[in-house]
Amino acid sequence: MYALRNMRAFYWRYRWYWFGSMGFLVLTIMLTLAQPRLVGYLTDHVLINGEQERIWPLVGIFLLIVVVRSIVARTYVVLKEHFGIKTVYDIRNQMYQSLQQLSFAFYDSARTGDLMSRVTADVEMMRHFLSNAPDGMINFFLSLTMGVGMGFWISWRLTLVTLIASPVFLILILRFSKVSHQRHVAVRQAVADLATVIQESVSGIRTIKSYAREEIQEAKFNERSKGFTKAHYNSVSLWGFYFPLLEFWAQISAAVVVAYGGYLASAGVITIGEYVAYLGVQWSIISPLWNVGGHVNTFTQANAAAERLTELLYRPRGVQDALNARPLPEIAGHVRFADVSFGYDDETTVLHGINIDAKPGQVIGILGATGAGKSTLLQLIPRFYDVAAGRVTIDGNDVRELQLADLRRQIGVVFQETFLFSATLRANIAYGNPDASLEEVERAAKLANIHDFIMELPQGYETVVGERGLGLSGGQRQRVSIARAILNNPRILILDDATAAVDAETESEIQKALRVVMEGRTTFIIAHRISAIWRADEILVLEEGRIVERGTHQSLLREGGIYRRIYEVQYADREEVLA
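Cut-offs used in this document
- Residues numbered from 1 in each chain as written.
- Predicted model: local features only at pLDDT ≥ 70, side-chain atom pairs only at ≥ 80, totals over all residues.
- Heavy atoms only, no water.
- Phe/Tyr/Trp six-rings, centres within 6.5 Å; stacked < 30°, edge-to-face > 60°.
- Helix = DSSP H or I, 4+ residues; strand = E, 2+ residues; numbered from the N terminus.
- Buried < 20%, exposed > 50% of the residue type's maximum accessible area, 1.4 Å probe, protein only.
- Arc of directions from axis to C-beta.
- Contact = heavy atoms within 4.5 Å.
- Salt bridge = Lys/Arg side-chain N within 4 Å of Asp/Glu carboxyl O.

Trainee: Before we go on, may I ask you to explain the packing of aromatic side chains in this structure?
Mentor: Here a ring pair, both rings aromatic, is described through the centre-centre distance and the interplanar angle of the planes. In the structure shown here, the tally under the stated rule is eight aromatic pairs. Look at Phe342 and Tyr385: their rings are 5.5 Å apart centre to centre, the planes differ by 55 degrees, and that puts the pair in the tilted class. Here Phe342 is found in strand 1 (residues 335-342), whereas its partner Tyr385 is found in the loop between helix 12 (374-378) and strand 4 (389-394), with 43 residues between them in sequence. In this pair, the class of Phe342 matches that of Tyr385, namely buried. Three or more aromatic residues joined by ring pairs form one cluster here, namely Trp12, Trp16, Trp18 and Phe19.

Trainee: Any chance you could explain unusual backbone geometry here in plain terms?
Mentor: Note: most peptide bonds trans; most residues except glycine with negative phi. Here Arg383, not a glycine, exhibits a phi torsion of approximately 60 degrees, which is positive. Inspection of the secondary structure assignment puts Arg383 in the loop between helix 12 and strand 4. You can call Arg383 buried: its relative accessible area is 3%. The residue Glu544 is not glycine, and still its phi comes out positive at about 50 degrees. Position of Glu544 among the secondary structure elements: in the loop between strand 11 (538-543) and strand 12 (546-551).

Trainee: Any chance you could explain helix 15 (residues 438-447) here in plain terms?
Mentor: In an α-helix, one turn spans 3.6 residues; hence positions three or four apart end up facing the same way. Of the positions making up helix 15, those classed as buried are Val441, Ala444 and Ala445. Projection of helix 15 onto a plane perpendicular to its axis shows the buried side chains occupying an angular sector of 100 degrees, all on one side. Residues Glu439, Arg443 and Lys446 are exposed on helix 15 and point more than 90 degrees away from its buried face. On the buried face of helix 15, the contacting elements are helix 14 (425-429), helix 16 (451-456) and helix 17 (474-486).

Trainee: Explanation requested: the pattern of salt bridges in the structure shown.
Mentor: Charged atoms that come close allow side chains of opposite charge to pair. By the definition in use, this model includes 10 salt bridges. Notably, a salt bridge pairs Arg400 with Asp398, separated by 2.9 Å at the nearest N-O pair. We classify Arg400 as partly exposed; its relative accessible area is 29%. If you follow the salt bridges from partner to partner, you end up with Arg391, Asp398 and Arg400 in one network.

Here you go:
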């Protein structure tokens, strides 16, 4: 119930749809109960007493009830479905918004398949619950209450006999509800695990085929599929065990009522019409007791889904605007790290006492072994993460005091792994500024040295590419990414190993484009190759989260430290050197 209560903010705004549906539900139940009472009246007065003149008025009333009930029931269904659909529409949108706002730290360990499962399967489970379960439980109480009331009106003896069976229904349902929740949680998790394998297999298909690991992936999928099947079977088998018991007891109860009612009618205690009427009414008492197990089953499934949804919906957002965050006007690009330390958690420190002073227009190169903290260091500038100690400032402003959107609009980032959306090249380049004109897009593409290639394509800038940049080489995708980063004319440019995944010739072409792009911008370049940073105004060498060397290319070579050793390794078998 705690998880479902947390969803109240979404469904309560549409409560009038629900209240309206409940009103029509009450009318539906009343009209449903009126039918057997009318049949009983017709039996006594027409069939038994021979009052033939009443048959057509009674048939007319019966048909009117059927028509009205049909209209009322349809209205009830429409309103309750509107309630569920509109609520889930908001939940789905809020889920997506939450995913957009969660921090980089969350995505460091999140599984894409699991997130997709929550946004699709778990949300759909909530729709099914909201459209059916609440009114189903109301239907249970109303049908039972009104059925019992009508039953006592017809025959209190038969009603008491019917109610004697209710404790058995309740015992079975309580036992079922105790064990069903955990099994439904296991089903939701198994769906997420299965979705994760599918997503990884599709995204990594080239790697799978390159290593001929199709059979391994198939075996992995089969294992997860078996896990899902087992979890689903455990859930279904539980319901398959209890449902027949409920049905069996319902039929036994009905049989006892039929026998006892026949005895009372033959003894003259009740009329034949009352006997016939009660046989119709008794299912308004037994059916709710019998079907409440289904409502409990739906409820436990929805609660399991709600737990997974609220985990994301109410998860702390991490990095976000401060309460009094200031807008950031156009900057000069003076970036300073003042005694900065950082760790992904309280137990591990990744960066230690970092001090950097990058003046506007300067180029800062960052070199170091894998895991030295290079990417983490630069991700503190656009606040992908927040510092644990110290300050990162831009033009004297602490980045934590600035509005995130303003901050990030003035920073261009080019990652090593280029991601292109399933859209046109123009849309990909203009992603950060959808209102950019074609001339602005072309200007950015020219700076990135990709314009000529795009113009050679049959559809030019309207050429559609997929997320993997179908038809583009690694260097071309990277230059599209560079054009995207510089379209807004950022004053700070971050190049996170942007040439690591390309060959030497392509790297040279990209470097030429970058030299043009970097003019007048404060630029940070992460690299493993000295050729990418040797022209930098200052080069920082990181080791285990500390700056162990700093200086220009020539000064670092003269020092004979780590930078010199890296240089000698990279140029040991080459005649040309970097002067």
